[in-house]
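The chain contents come next:
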Amino acid sequence: MDKRVFFPSKTVPLLLLLPQLVITLVFFYWPAVQAVVMSFQMEDAFGTTSEFVGFENYTAVFTDPFYYRAMGVTAVFSTAVAFLSLSLSLLLAVMADRDIKGAGLYRTLLIWPYAVAPAIAGVLWYFMFQPSLGLFARMLRDWGIDWNPLLNGDHAMILVVMAATWKQISYNFLFFLAGLQAIPKSLIEAAAIDGARPFRRFWTIVFPLLSPTTFFLFVVNIVYVFFDTFGIIDAVTGGGPAKTTTTLVFKVYADGRLGGDLGGSAAQSVVLMVMVIALTAIQFRFIERKVSY
Amino acid sequence: MVEHRHWSMHVLPHLILGLGVLLVVFPVYLAFVGATLDPATIANGQMGVVPGNRFIENMSRVLLAGAGGSTREPVLHMLWNSFVMAMVIAIGKIVISILSAYAVVYFRFPLRKTAFWVIFMTLMLPVEVRIYPTYKIVADLGMLDTVAGLCIPLIASATGTLLFRQFFMTIPDELIEASQMDGAGPVRFFIDTVLPLSLTSIAALFVIQFIYGWNQYLWPLLITSKDSMQTIVIGIKKMIVTQDALTEWQLAMATAVLAMLPPVLVVVVMQKLFVRGLVETEK
């Protein structure tokens, strides 16, 4: 993967690299190192001095029942969003992949929510389901359901899952559509000649051939739910009620900013970094496979 | 297709896609309806799906005067702040990543592989996981409440460098050979050959990064404390007050419509570039 021909200069490339390297070192590596250092320290009440406390912060994190709760919340949240948004967008992509009239228009109408900020997606859904004035909240009340995401943790979770799923459909739809269009039509026609019905053709031919895309999207969706949904949760529920929608990332923010526990927050950051690195590693194994595919 | 299809097979896709579009469009339509109503209709829970006649009034109120209550900043100013942030991030990212990719691909120098990996590893460190230490550094550098503090920490990332590196690898070696025969140095070759060839990649990356910058939430929430630095996404959140009685929903929804408009327009108008940018930055 190297060019055969290149320029001989040794100083020009360093100058070209300098801006990115400086920014990366100052705003990426230095904070990451700081997070690790802070995770082994505890600050006094005034934040003036800090002392080395070994693994105390980590012990505190892993004995905190709320941390396990946040893990559970994150697991439920990410599984629900990944499953819902992947299945909905796969269904839509399969329909849009057929040679039907207006396929281009459908595509345009389905992809633009990508551009909506997560926090705004959250606000839109909150507006529809706000317990006292939301259009759908009133409908639910009329049906006898005591809908209140401000007090009921399950309702709050349903609301953030809906908002996060809505926001993610467009992204998954685009990649599924691209994946479907890359499948040779001759394969499907051959199966049709053999008498396989559309439903069977999908499960025996299309779905297996699409599995690299599905797997890639699954990882991307999990990462999305981990990090990008912060805005949705902060705007809709603020992690509540009673921390029922506090995800791991939200807890890093809440403990550091509101709780003032920077050491504990840093320890959680470090744990999260390890998780992200693991997820990215999985993704790269997949990319290697895709290249040889 | 080779087989004869039942009539339902023609209707089904339209039915499902129609429902999908409805699902995607409806929340935004309802925000628009909210922006056209008077406060009492919404607060009393009488809102339906029919727009009212206060659209212009609500829009001009938020744009010029601000929502009042929790944030008095006119939304016009917030739009400007968001625009500046999105532009600085998009252009900054493109500039530093095209330069670094050029260095990595077209030169041989000590520690070249190391430099590439140093940049590459940042893929694994999203700002959310190192949020407080990064905040502290920005504070120590005196960059809180500045455009620089808001944008520069978000500028460095590996995606742009990877995209350009991948693209440069596809530029035929004959071009650099010809250029070197003409006696052109690295700067000439970059300006005359590489840059013009990269225009589509640049535009695609711009679309993605503009949206990325416009939609930032957690970082501006921490870095900006002054109302005058507020971006529109943060502004909306501040309009939704926890004691719901105080929320002026018609104004919040008018602001939400304004906040969605620029990035959505970018996606719809530059759809081809958007799709390309999305697919290429994820490779």
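A few points on the structure. (Residues numbered from 1 in each chain as written. Chains lettered and ligands numbered in written order. Predicted model: local features only at pLDDT ≥ 70, side-chain atom pairs only at ≥ 80, totals over all residues. Heavy atoms only, no water.)

Take the nonpolar core next. Counting residues in each nonpolar core, the largest one holds 161 residues, and the members touching the most others are A:Phe77, A:Ile120, A:Leu124, B:Ile232 and B:Phe274. It is helix α7 (residues 153-181) of chain A that provides the largest number of residues to this core, a total of 15 residues. Those residues in contact with A:Phe77, other than ones at most four positions away along the chain, are A:Met157, A:Val160, A:Val161, A:Ala164, A:Val225, A:Thr229, A:Ile233 and A:Thr247. Among the nonpolar cores identified, the runner-up in size contains 32 residues, and A:Leu17, B:Ala103, B:Phe109 and B:Phe116 belong to it. (Core = buried A, V, L, I, M, F, W, Y, C linked by side-chain atoms within 4.5 Å. Buried < 20%, exposed > 50% of the residue type's maximum accessible area, 1.4 Å probe, protein only. Helix = DSSP H or I, 4+ residues; strand = E, 2+ residues; numbered from the N terminus. Contact = heavy atoms within 4.5 Å.)

What follows is about the environment of B:Ile176. Position of B:Ile176 among the secondary structure elements: in helix α9 (residues 173-181). Residue classification places B:Ile176 among the buried positions, given a relative accessible area of 0%. Apart from the residues within four sequence positions on either side, B:Ile176 is in contact with A:Val5, A:Phe6, A:Phe7, B:Tyr106 and B:Phe189.

So, about the interface of chain B and chain A. With 113 residues of chain B at the interface, the matching set in chain A holds 102 residues. Interface of chain B and chain A: buried area, both sides summed, is about 9,900 Å²; carbon and sulfur atoms make up 75% of it. The largest per-residue losses of area from chain B upon contact with chain A belong to B:Leu17, B:Arg108 and B:Tyr132, which jointly make up 8% of the total buried on that side. Our count for the contact surface shared by chain B and chain A stands at 1 salt bridge. (Buried area = accessible area lost by both parts, 1.4 Å probe. Salt bridge = Lys/Arg side-chain N within 4 Å of Asp/Glu carboxyl O.)

To continue, consider the packing of helix α1 (residues 11-39) of chain A against helix α6 (residues 131-140) of chain B. Remark: α1(A) packs on α6(B), axes separated minimally by 8 Å, with the N-to-C direction vectors making an angle of 120°. In this view, α1(A) runs oblique relative to α6(B), as classed from their interaxial angle. Here α1(A) and α6(B) pass one another in a crossing that is right-handed. On α6(B), the residues that touch A:Val26, A:Phe27, A:Trp30, A:Pro31, A:Gln34, A:Ala35 and A:Met38 of α1(A) are B:Pro133, B:Thr134, B:Ile137 and B:Val138. When the residues that make up the contact of α1(A) with α6(B) are grouped by side-chain class, the tally is 9 nonpolar, 2 polar and no charged. (Axes fitted to C-alpha atoms, helices over the stretch in contact; angles between N-to-C directions. Parallel < 35°, antiparallel > 145°, perpendicular 65-115°, else oblique. Left-handed = near helix turned anticlockwise from the far one by under 90°. Nonpolar A, V, L, I, M, F, W, Y, C, P; charged D, E, K, R; others polar.)

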